[in-house]
Amino acid sequence: MTVPVSTQPALNIRLLEKLRSAAGPQAVGELGANRDRVLADLRTLQAFGFGLTWLDGDRVAYVGPASRLCPDQIEHELGTVIIGRRIVVWNRLTSTNDLAARLGATSGNEGLVVLAEEQTAGRGRRGRSWSAPVARSILMSVALRPPSRLADLPWLTALGAVAVAEVVAAAGVEPGRVRIKWPNDVLVGSRKVAGVLVERGAVVVVGIGLNVCQQPDEFPSAIRSTATSLALETGRDPLDRSELARALIQALDRHYLRALQQGPGALNEAWRSRLSALGRLVRLQTPAGTLAGRLADADLGAGLIIESADGTTQRVPTLSVLDLDPV
Ligand code: BTN
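Residues numbered from 1 in each chain as written. Predicted model: local features only at pLDDT ≥ 70, side-chain atom pairs only at ≥ 80, totals over all residues. Heavy atoms only, no water.

(A) Spotlight on the sheet that holds strand β15 (residues 323-326). If you walk across this open sheet you meet the five strands as β14-β13-β12-β11-β15, and the pairing is antiparallel. If you trace the sheet from one side to the other, it starts and ends with β14 (313-316) and β15, each paired once. Each adjacent strand pair in this sheet contributes to an overall mean axis angle of 45°, direction not counted. Across four bridges, strand β13 (residues 303-307) lies against β14 in antiparallel orientation. Paired with isoleucine 306 across the two strands is glutamine 314, which belongs to β14. (Pairing = 2+ DSSP bridges. Helix = DSSP H or I, 4+ residues; strand = E, 2+ residues; numbered from the N terminus. Axes fitted to C-alpha atoms, helices over the stretch in contact; angles between N-to-C directions.)

Written as structure tokens, this is what we have:
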């Protein structure tokens, strides 16, 4: 059975933020004028799962985030225009992409964000599965109805990848180590920290899986040597997944809005500058066959420029690139 978790009593996130930003324990009396109200709000936060510790019954300190996603915290001062107008958080779904596709088809649900703590049939690209331990990553899907100029798969995949890359860097990973591996992987160094899966039906769904808290033994053995998580890369533990989810929604919205106003090229430099294959020797699979050469340049609109050994160049539209691998 799936259980929505967004039916909790409203949490006083402003109070939580006040406590979190304080250098140390705070007297309850300093957290608000109505002592009983403050105490009740603190207990509600604690009951939700936020780490609060009480000292001598009258002072309280923030010790850490809730281990489960908190809808109120994600929505707190979100400030987005399209993406995140509505957010639903579920304990367990087949795939967040499934629910986003279903709910996104209802008018008024453009920008809907679906998050889940667990997927029973998470999907990756090319029919692969996407597995993640319960409540250790971000499993998110966004339903969009992009205008035709923003509706191609490589552009939407790049949107997801750029937003994730920015969040990963902002979480404390050295920005130069955060790369985008064509078409949909976000890497830290040579290890994959996130993947993007865009699916198109009645609406477009941009699905993102971001490894956050996983330790090495939490990855399936087949990907243990190639996967990583934010916790492993930053050494920070615990990480606040609700804050990260909020930052991801904000980054997606920022880039999407800019592209709506300025066109798809507005995303180009943020994408191109992180492309791991740029300047490297690559092999491209296209419907017309395989092509090898140096990836001399990349542009989401104009396509990929492949330079052969004899110096001649060829432009391949992004839509014609089925796969791109380093040689
Ligand atoms: C890949 O790397 O192949 C893409 C992985 C995408 C995984 C995410 S998790 C949230 C959303 N729901 C899914 O079933 N898949 C995407």
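Don't stop here, the text continues.
(B) Highlighting helix α2 (residues 35-48). Compared with an ideal rise of 1.5 Å per residue, which puts 14 residues at 20 Å, α2 spans 20 Å between its outermost C-alpha atoms and is within 8% of the ideal. The set of residues buried in α2 consists of Val38, Leu39, Asp41, Leu42, Leu45 and Phe48. Considering only its buried residues, α2 is in contact with α1 (13-21), β2 (51-55), β3 (59-64) and α3 (71-75). Two residues or fewer past α2, glycine 49 is found with a positive phi of approximately 130°. (Expected span 1.5 Å × (residues − 1). Buried < 20%, exposed > 50% of the residue type's maximum accessible area, 1.4 Å probe, protein only. Contact = heavy atoms within 4.5 Å.)

(C) Main features of the site of the ligand. Around the ligand lies a shell of 21 residues, among which Ser95, Gln119, Arg123, Arg125 and Lys192 are the nearest. At 2.7 Å from an oxygen atom of the ligand is found a main-chain nitrogen or oxygen belonging to arginine 123. Summarising the interface, the protein chains cover 99% of the accessible area of the ligand, which totals 410 Å² for the free molecule. Listed by contribution, the elements that provide at least two residues to the shell around the ligand are α4 (96-104), β6 (137-144), β9 (191-200) and β10 (204-211). Element by element, the count of residues in the shell around the ligand is highest for β9, at four residues. (Near = heavy atom within 4 Å. Polar contact = N/O pair within 3.5 Å; in protein donor to acceptor, adjacent residues only side chain to side chain. Areas by Shrake-Rupley, 256 points an atom, 1.4 Å probe, with all protein chains shown as cover.)

(D) Just α1, in detail. Taken together, the buried positions of α1 are Ile13, Leu15, Leu16 and Leu19. Each buried residue of α1 sits inside an arc of 155° when the element is viewed along its axis, so together they form one side. For α1, exposure combined with an orientation more than 90 degrees from the buried face picks out Arg14 and Ser21. Looking at the buried side of α1, the elements it contacts are β1 (26-27), α2, β2, β3 and α3. (Arc of directions from axis to C-beta.)

(E) Representation of the side chain of glutamine 214. Position of glutamine 214 among the secondary structure elements: in the loop between β10 and α6 (230-234). Exposure remark for glutamine 214: the relative accessible area of 0% places this residue in the buried category. A polar side-chain atom of glutamine 214 sits 3.2 Å from a polar atom in the side chain of asparagine 211.

(F) Main features of the pattern of salt bridges. Scanning the model with the defined rule gives 20 salt bridges in all. The shortest N-O distance in the salt bridge between arginine 14 and glutamate 77 comes to 3.3 Å. In this pair, arginine 14 is assigned in helix α1 and glutamate 77 in the loop between α3 and β4 (87-93), connecting sequence segments 63 residues apart. The burial state of arginine 14 is the same as that of glutamate 77; both residues are exposed. In this structure, a network of salt bridges that share partners links the residues Glu17, Arg20, Asp240 and Glu243. (Salt bridge = Lys/Arg side-chain N within 4 Å of Asp/Glu carboxyl O.)

(G) Looking closely at the state of the cysteines. Tallying each qualifying case throughout the model produces zero disulfides. Summary of cysteine pairing: cysteine 70 is not part of a disulfide, and the nearest cysteine sulfur, belonging to cysteine 213, is at 15 Å. (Disulfide = S-S within 2.5 Å.)

(H) Highlighting the sheet that holds β10. Taking strand neighbours across the sheet as the criterion, the seven strands line up as β4-β5-β6-β10-β9-β8-β7 in an open arrangement whose pairing is mixed. The outermost strands of the open sheet, each flanked by one partner alone, are β4 and β7 (178-181). Taking the axes of each pair of neighbouring strands and ignoring which way they run, one obtains an average angle of 20° across the sheet. Sitting on the sheet, α4 is in contact with β4, β5 (113-119), β6, β9 and β10, with an inclination near 25° to β6. Strands in contact with helix α5 (residues 153-170) are β6, β7, β8 (185-188), β9 and β10; relative to β9, the strand with the most contacts, it is inclined by about 145°.

(I) The arrangement of the environment of glutamine 261 in detail. Locating glutamine 261 in the fold gives a position in helix α7 (residues 241-262). Sequence spacing of glutamine 261 and valine 193 is 68 residues, and the spatial spacing of their C-alpha atoms is 30 Å.

(J) Molecular detail of the nonpolar core. Residues Leu115, Met140 and Trp271 are the most contacted members of the largest nonpolar core, which totals 70 residues. In terms of residue count, α5 provides more of this core than any other element does, eleven residues in total. Non-local contacts of methionine 140, meaning those with residues more than four positions away in its chain, are made with Thr96, Val113, Val114, Leu115, Val206, Gly207, Ile208, Ala245, Leu248, Ile249 and Leu252. (Core = buried A, V, L, I, M, F, W, Y, C linked by side-chain atoms within 4.5 Å.)

(K) Quick peek at unusual backbone geometry. Note that the residue after tryptophan 182, namely proline 183, is joined by a cis bond; omega there is -5°. Positionally, proline 183 belongs in the loop between β7 and β8. Looking along the chain, the bond that leaves aspartate 237 and enters proline 238 is cis, with omega of 0°. Tracing the chain through its elements places proline 238 in the loop between α6 and α7. Positive phi outside glycine occurs at arginine 126, with the angle close to 55°. With respect to the helices and strands, the residue arginine 126 is situated in the loop between β5 and β6.

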